[in-house]
Amino acid sequence: MESDREAPWWKRTTVYQIYPRSFADSDGDGVGDLRGVIGKLDYLAWLGVETLWLSPFWESPQADFGYDVSDHYAIAPEYGGLDDFRALVREVHARGLKLVFDMVLNHTSDRHPWFLESRASRQSARRDWYIWRDGRKPGGRAPPNNWRSMLGGSGWRWDEASGQWYFASFLGFQPDLNYRNPAVKAAMLDVVRFWLREGVDGLRLDIFNALFKDASFADNPFSWRPAPTEDDPHGFFQRHVHTIDHPDTLAFARELRAVVDAIGDESATPRFLVGEVFGDAKTLRRYCGEAADGLHLVFLFQTLRTRFHGGAVRALIEEIEGAFPEPFSPTYVFGNHDRPRFIHRVDASLEKAKLLATLQLTVRGVPFVYYGEEIGMENHDAPLHEGLDPIAARFEWVPSWLVPAFKARGILLNRDECRAPMQWDAGPNAGFTPPTVTPWLPMHPRSAALNVAAQQDDPTSLLRCYRCLLALRRALPALQSGRLEWLDRVEHVRLPDDVVAFRRVLGDEHVAVFLNFASHTIRIRPREGAGSPRALTLLSNRRGTRMPTAETYALGAHEGVVVWDARPRA
Ligand code: TEU
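The structure contained in this document is the topic of the report that follows.

Another point: the nonpolar core. The biggest cluster of nonpolar side chains holds 131 residues, and the ones touching the most others in it are Tyr-16, Leu-105 and Phe-208. No other element matches the eight residues that helix H6 (residues 182-197) contributes to this core. Apart from the residues lying within four places of it in its own chain, the contact partners of Phe-208 are Leu-105, Thr-249, Phe-252, Ala-253, Leu-256, Glu-276, Val-277, Tyr-287 and Leu-295. With 27 residues, the next largest nonpolar core counts Trp-10, Val-15, Phe-272 and Val-274 among its residues.

Let us now look at the pairing of strand S8 (residues 164-167). With burial as the criterion, each face of S8 is covered, one bearing Gln-164 and Tyr-166 and the other bearing Trp-165 and Phe-167. Bridge analysis of strand S6 (residues 132-133) against S8 gives two bridges, and the strand direction is antiparallel. Among the inter-strand pairings, Trp-132 is bridged to a residue of S8, identified as Tyr-166. Across four bridges, strand S7 (residues 156-159) lies against S8 in antiparallel orientation. Paired with Trp-156 across the strands is Phe-167, a residue of S8. In this structure, the hairpin formed by S7 and S8 is closed by a connection of four residues, where Gly-163 is found at a positive phi of approximately 65°.

Another point: the site of the ligand. Every one of the 16 residues lining the ligand counts as a neighbour, but Asp-64, Asp-206, His-337, Asp-338 and Arg-415 are closest to it. At 2.5 Å, a side-chain N or O of Asp-64 approaches an oxygen atom of the ligand. Here an oxygen atom of the ligand and a side-chain polar atom of Arg-415 are 2.9 Å apart. Against a free-state accessible area of 500 Å², the protein chains account for coverage of 93% of the ligand. Judged by the fraction of its atoms near the pocket grid, the ligand is located in the largest pocket. Split by residue class, the shell around the ligand holds five nonpolar, three polar and eight charged.

A word on the layout of surface pockets. Here the largest pocket is characterised by a volume of approximately 930 Å³. Considered as a void within the structure, the second largest pocket measures approximately 290 Å³ in volume. Pro-340, His-344, Arg-345, Lys-407 and Ala-408 are the residues nearest the centre of the second largest pocket, which is lined by 16 residues in total. The class makeup of the residues in the lining of the second largest pocket is five nonpolar, three polar and eight charged. Among the domains, domain 1 (4-106 + 182-380 + 415-456) and domain 3 (381-414) are the pair contributing at least three residues each to the lining of the second largest pocket.

Analysis parameters
- Residues numbered from 1 in each chain as written.
- Predicted model: local features only at pLDDT ≥ 70, side-chain atom pairs only at ≥ 80, totals over all residues.
- Heavy atoms only, no water.
- Core = buried A, V, L, I, M, F, W, Y, C linked by side-chain atoms within 4.5 Å.
- Buried < 20%, exposed > 50% of the residue type's maximum accessible area, 1.4 Å probe, protein only.
- Helix = DSSP H or I, 4+ residues; strand = E, 2+ residues; numbered from the N terminus.
- Contact = heavy atoms within 4.5 Å.
- Pairing = 2+ DSSP bridges.
- Near = heavy atom within 4 Å.
- Polar contact = N/O pair within 3.5 Å; in protein donor to acceptor, adjacent residues only side chain to side chain.
- Areas by Shrake-Rupley, 256 points an atom, 1.4 Å probe, with all protein chains shown as cover.
- 1 Å grid on protein atoms, 1.4 Å probe; cavity = no way out; pocket = protein on both sides within 12 Å on 5 of 7 lines; lining within 4 Å.
- Sits in = over half its atoms within 2 Å of the grid points.
- Nonpolar A, V, L, I, M, F, W, Y, C, P; charged D, E, K, R; others polar.
- Points joined across faces, edges and corners; volume = space filled by probe spheres on them.
- Domains from an automatic or database assignment.

Everything listed is a geometric property; what it means functionally is a separate question.
Laid out in structure tokens, this is it:
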């Protein structure tokens, strides 16, 4: 099917993730806030990203830095108030940008008034808002069944006062809501409607795959898998068939879609949902609905682990293209607030990072850029016992020599490492917070070298490369919604495995992309990919823009080029 020029905005957009605590501190308390984000909107507009996703900033004890909500209608004071939020929406929209929220549907904080009431007694009117069960004999002191949390260990927590267990898919202070209770579903859909009506353009759905648990409470079956991965969430020696990817969760994706679409119709602004779900591409696609009537997008985390190798990258794109053909749209994610920063997968090489940025911003799908990726921000290594992240405390028993092995598998045991404050300039505290203030997490020691101010002035920087690519993508509809064709199939262009070569086609517009993953030069014939011998413009991640005159082009080590041809074909 021909991709259409009028594809909805959320399919054509580029997303930039902001971890509000770490982005910009406007009031000098060492913690980033909403006014801080507003102060950086001109930078984001300059960079050229189109949609901003903010991690949670609601009222919360901050035990998991906002992924433990205690009031869905109030903003945590350290981030600002409702007026600041409204100003943010206004200012984002005034710049033609969009705003996406994190929505934690699966659980609340254990200090949420709903849970406090639920926990108070077995007779509480809200008892059934969470998942409570009697334990097994003797004395009910053994958990009701073998269900594990996503982090290993039993997901059941014992409540001494009421003598029952409650279930928590993630950490113990994040009790799971009971979606089988219609009142819970209605209350959470009200939250969704409230914020969308406040002008939020989309929602990122936290651990959406865990929403419904099986009503039978049967044990999960045994498996030999020791640990989960992004593309296979089963592990800890069981298949989580009763706790994740439940058919009722898939049905709920469609129900939620209808709610969100209805709000879009009310205001004539379509909104979108992107789900945090885990599994192989085919499993994830099911969340989008067979008739594309489920979640608009899902994160594809396999991109987090793909090797820097032409063949591996091509295989990844082929898998994704196979699982997400039109009208579905894939996503390309290199990092987020839970994962090691992606620059380490390319040996901290800014040149290799430019090649991956070229891939991410030209391939078919919605790119998600995590704050700081555009300047090559690095992990800030820290021992587990220093972690503020609750995961760090949970894994404190892991010996330090084993930690790098987890990282190499894409697992951060101390997520503080990828949440260091944004590096704006070379000054003390890197412009994140005033020099005399102690930031909530220490600044990265390399902030004097790796920062926005320095890279804004340097036309060869990673930042300027992102900006150039984002501008090109905004200018060329084919890059936003064109179909993807492999050049060796359509033009019989023969290239070594090290070069990933495809083109994006929309109507008469052809945009060819050549990505050299090798560390040596490879000659290409760019015009073949473009479709016409005329009207070529070429953008290189290493050399900026130029018009090639020769028939062949020497594609340098780790160079990516984008070749544009808008002429009608003969
Ligand atoms: O994360 C869910 C999740 O399973 C992982 O990304 C997890 O953080 C990682 O495997 C641990 O190394 C989501 C949020 O993105 C995360 O920040 C929250 O802590 C979590 O849900 C609970 O809300």
